[in-house]
Amino acid sequence: MSLYDDLTDKGIILKVADLFYDKVYEDPWLSLYFKEIDQEFITAQQVDFIVGAMGGPQKYSGRLPSNAHPHMFITEELFELRTKLLEDALKELSAPESLVEFWLKLDGSFKNSIVKKSPSELTPRYATDEFLNFDNPNPRKKAC
Ligand code: HEM
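Residues numbered from 1 in each chain as written. Predicted model: local features only at pLDDT ≥ 70, side-chain atom pairs only at ≥ 80, totals over all residues. Heavy atoms only, no water.

(A) Just the packing of aromatic side chains, in detail. Inspection of every chain in the model, using the stated rule, returns six aromatic pairs. Both rings, one in Tyr-21 and one in Phe-34, keep their centres 6.0 Å apart while their planes meet at 65°; by these two values the pair is edge-to-face. In this pair, Tyr-21 is assigned in helix α2 (residues 12-26) and Phe-34 in the loop between α3 (30-33) and α4 (39-53), connecting sequence segments 13 residues apart. Assigned by exposure class, Tyr-21 and Phe-34 land together as buried. Considering the side-chain rings of Phe-49 and Tyr-60, the 5.2 Å spacing of their centres and the 75° angle between planes classify their relative orientation as edge-to-face. Here Phe-49 is found in helix α4, whereas its partner Tyr-60 is found in the loop between α4 and α5 (65-68), with 11 residues between them in sequence. Taking relative accessible area as the criterion, Phe-49 reaches 13% and is therefore assigned buried. Counting every residue linked through ring pairs, the aromatic cluster contains Phe-20, Tyr-21, Tyr-25 and Phe-34. The lysine or arginine in question, Lys-10, covers the ring of Tyr-4, its NZ or CZ lying 5.0 Å from the ring centre. (Phe/Tyr/Trp six-rings, centres within 6.5 Å; stacked < 30°, edge-to-face > 60°. Helix = DSSP H or I, 4+ residues; strand = E, 2+ residues; numbered from the N terminus. Buried < 20%, exposed > 50% of the residue type's maximum accessible area, 1.4 Å probe, protein only. Lys NZ or Arg CZ within 6 Å of the ring centre and 35° of its normal.)

Here it is, written out as C-alpha cells:
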C-alpha cells in the first residue's frame, strides 16, 4: 500500500493544488514568475508530480523540479513565501496530516537545488530561454 492508496479522498490533491495556485497567481511577487504560464496546465503538472511521488499513477512527464528552475532567480525569501502559501492551502482545506507532511517535505527537499544566492547562477534551459528575476514589489521595511 502506498501513501496514495491510503488517501481516502484522492480529490483533495487537486483541491489543494487549485487553491495553492490561486494564491500564487494572486500574489504580487510570485505571480510575476507565472505570467507566461497557463494556470490550469501548471496545476495539472503539480498534481501529476505529487501523485506519482506518493506512489499513485505515474503520469508526470515534465522536468524534475531540480532541473525546471535553472533560469529563475529564486531567493530563500521567495521560496519561503511559496511554502507559506502551500501550507495555507493545505490547512484551509483540512488536508490529512499524512498528505501535509509528505507534500511539505517533498517540496522542501528541492530547496537547495532551486534557491540561488546570486543571479550569476542562472542558466538557460534552452538556447532562447529568458531569465526570470523579479524584486519583491512590497519588501518589508527594515527597522531603523
Ligand atoms: C519560489 C519557488 C518556485 C517558483 C517561483 C516556481 C516557479 C515555476 C514556474 C514559473 C514554472 C513553469 C516553468 C515553465 O514551464 O516554463 C515551474 C514549473 C514547475 N515547478 Fe516550480 N517553482 C518554485 C518551486 C517549486 C518547488 C519547490 C517544486 C517542488 C515540487 C516545484 C515544482 C515544479 C514542477 C514539477 C514544474 C513543472 C516542470 C515542467 O513542466 O517541466 N517548483 N515552477
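(B) Quick look at the site of the ligand. Of all residues adjacent to the ligand, which total 23 residues, the nearest are Tyr-33, Gln-45, Arg-63, His-69 and Arg-125. The contact in question runs from an oxygen atom of the ligand to an N or O atom on the side chain of Gln-45, over 2.7 Å. For the shell around the ligand, the secondary-structure elements that each account for two or more residues are α3, α4, α5 and α6 (76-92). A total of four residues in the shell around the ligand trace back to one element, the largest contributor, which is α4. (Near = heavy atom within 4 Å. Polar contact = N/O pair within 3.5 Å; in protein donor to acceptor, adjacent residues only side chain to side chain.)

(C) Quick look at the coordination of the iron atom of the ligand. When only protein atoms are considered, the iron atom of the ligand has one donor, His-69 (NE2), at a distance of 2.0 Å. Following the sequence through the fold, His-69 ends up in the loop between α5 and α6. (Donors = N, O, S within 2.8 Å, 3.2 Å for Na, K, Ca; no water.)

(D) Molecular detail of α2. The terminal C-alpha atoms of α2 lie 21 Å apart, and with 15 residues this matches the ideal 21 Å at 1.5 Å per residue to within 8%. Taken together, the buried positions of α2 are occupied by Ile-12, Ile-13, Val-16, Ala-17, Phe-20, Tyr-21, Lys-23 and Val-24. Within α2, the buried residues cover an arc of 155° as seen down the axis, which keeps them to one side. Those residues of α2 that are buried lie in contact with α1 (3-6), α3, α4, α6 and α7 (97-108). (Expected span 1.5 Å × (residues − 1). Arc of directions from axis to C-beta. Contact = heavy atoms within 4.5 Å.)

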